[in-house]
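What the coordinates show
So the chains spell out like this:
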Amino acid sequence: MKLILFYDSSCPLCVTEIRQLQTHNNHQQLLFEDILAPDFNQRFPYIKVTDASTILHGLYFPDPQQSPQLLLGLDVTCLAWKSIGKKKWLALLRWPIIGFFADKCYLFFARNRYRISYLFTGKSRCKNCKID
């Protein structure tokens, strides 16, 4: 199983979560792609940067013999943490009633992530938040 996460490298909170995921990505099941990379459109022409800026995108490869599945929002986040065996409580966010409200909260966060980043980090955006 592989999961590609398409993240916004200008968002301090997004970068912080990607770094946390990288720390536990011992079996390299997660791959990370910056949607702001200069060559992103050439490498991933089927992922629109404007769409990926609105909601987290992920490509899930459950089996090498199958086509990848496009996942969005909390489905990406929950699968990423599950795949590295951390934050198991996030599975609650996919339960039907909780999931409905969690998705609404996530979309609010995604639309306002720069302002929320400023509240938590003192920076709304970063120019060079590179992931190693």
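See above for the structure.
Quick look at the structure, then. All figures in this text were calculated on a predicted structure; none of them were measured in a lab. (Residues numbered from 1 in each chain as written. Predicted model: local features only at pLDDT ≥ 70, side-chain atom pairs only at ≥ 80, totals over all residues. Heavy atoms only, no water.)

**Structural notes on the layout of surface pockets**
Rules: Only protein atoms enter the 1 Å grid used here, on which a cavity is any set of points holding a 1.4 Å probe that cannot leave and a pocket is any open set flanked by protein within 12 Å on both sides along at least five of seven lines; residues with an atom within 4 Å of a point are listed as lining. Grid points are joined across faces, edges and corners, and a volume is the space filled by probe spheres set on the points. Numbering of helices and strands runs from the N terminus; a helix is a DSSP stretch of H or I covering at least four residues, while a strand is a stretch of E covering at least two. Classes in brief: Ala, Val, Leu, Ile, Met, Phe, Trp, Tyr, Cys and Pro nonpolar; Asp, Glu, Lys and Arg charged; the others, Gly included, polar.
Space inside the largest pocket adds up to approximately 540 Å³. Around the largest pocket, the lining comprises 25 residues; the ones closest to its centre are Cys14, Glu17, Thr77, Tyr106 and Phe109. Listed by contribution, the elements that provide at least two residues to the lining of the largest pocket are β1 (2–7), α1 (12–23), α3 (49–54), α4 (74–83) and α5 (96–111). Looking at the lining of the largest pocket, the element that brings in the most residues is α1, giving seven residues. Across the lining of the largest pocket, the residue classes break down as 17 nonpolar, five polar and three charged. In terms of lining, the second largest pocket is formed by Asp75, Cys78, Leu79, Trp81, Lys82, Gly85, Lys86, Lys87, Lys88, Leu90, Ala91 and Arg94. In terms of residue class, the lining of the second largest pocket is made up of five nonpolar, one polar and six charged.

**What to know about the sheet that holds strand β3 (residues 57–61)**
Convention followed: A strand pair is defined by DSSP finding two or more bridges across the two strands. As a rule, the C-alpha atoms of each element are fitted with a line to give its axis, helices using only the stretch in contact, and angles between N-to-C directions run from 0 to 180 degrees. Contacts are assigned to residue pairs that have any heavy atoms within 4.5 Å of one another.
Strand order in the open sheet formed by four strands is β2-β1-β3-β4, and the pairing between neighbours is mixed. Two strands close off the open sheet at either side, each with one partner strand: β2 (30–34) and β4 (69–72). Strand-to-strand twist of the sheet, defined as the mean angle between neighbouring strand axes without regard to direction, takes the value 25°. Sitting on the sheet, α1 touches β1 and β2, and the angle it makes with β2 is about 155°. Sheet strands touched by α4: β1, β2, β3 and β4. Its angle to β4, the strand with the most contacts, is close to 105°.

**Regarding the nonpolar core**
Under the convention used in this document: In plain words, nonpolar cores are sets of buried Ala, Val, Leu, Ile, Met, Phe, Trp, Tyr and Cys residues tied together by side-chain atoms within 4.5 Å. Categorising residues by exposure relies on relative accessible area from a 1.4 Å probe, with only protein chains included: less than 20% of the type maximum marks a residue as buried, more than 50% marks it as exposed, and the intermediate range marks it as partly exposed.
Counting residues in each nonpolar core, the largest one holds 23 residues, and the members touching the most others are Leu3, Leu5, Leu21, Leu30 and Phe32. Every element with two or more residues in this core is listed here: β1, α1, β2, α4 and α5. Counting residues per element, this core draws most heavily on α4, which supplies six residues. Leu3 has contacts with Gln29, Leu30, Leu31, Gly58, Leu59, Tyr60, Leu71, Val76, Leu79 and Ala80, leaving out every residue within four places of it along the chain. Within the second largest apolar cluster, nine residues are counted, among which are Ile4, Phe6, Ile35 and Phe40.

**A word on unusual backbone geometry**
Although it is not a glycine, Gln28 sits at a positive phi angle of roughly 55°. By the secondary structure assignment, Gln28 is in the loop between α1 and β2. Positive phi outside glycine occurs at Lys87, with the angle close to 50°. We classify Lys87 as partly exposed; its relative accessible area is 35%.

**Observations regarding the packing of α1 against helix α6 (residues 113–121)**
We count it as follows: What sets the label is the angle itself: under 35 degrees gives roughly parallel, over 145 gives roughly antiparallel, 65 to 115 gives roughly perpendicular, and the rest give oblique.
Viewed as axis vectors pointing N to C, α1 and α6 meet at an angle of 75°, and their least axial separation amounts to 8 Å. When the axes of α1 and α6 are compared, the pair comes out roughly perpendicular. On α6, the residues that touch Pro12, Leu13 and Cys14 of α1 are Arg113, Ile116, Ser117, Phe120 and Thr121. When its residues are assigned to classes, the contact of α1 with α6 shows five nonpolar, two polar and one charged.

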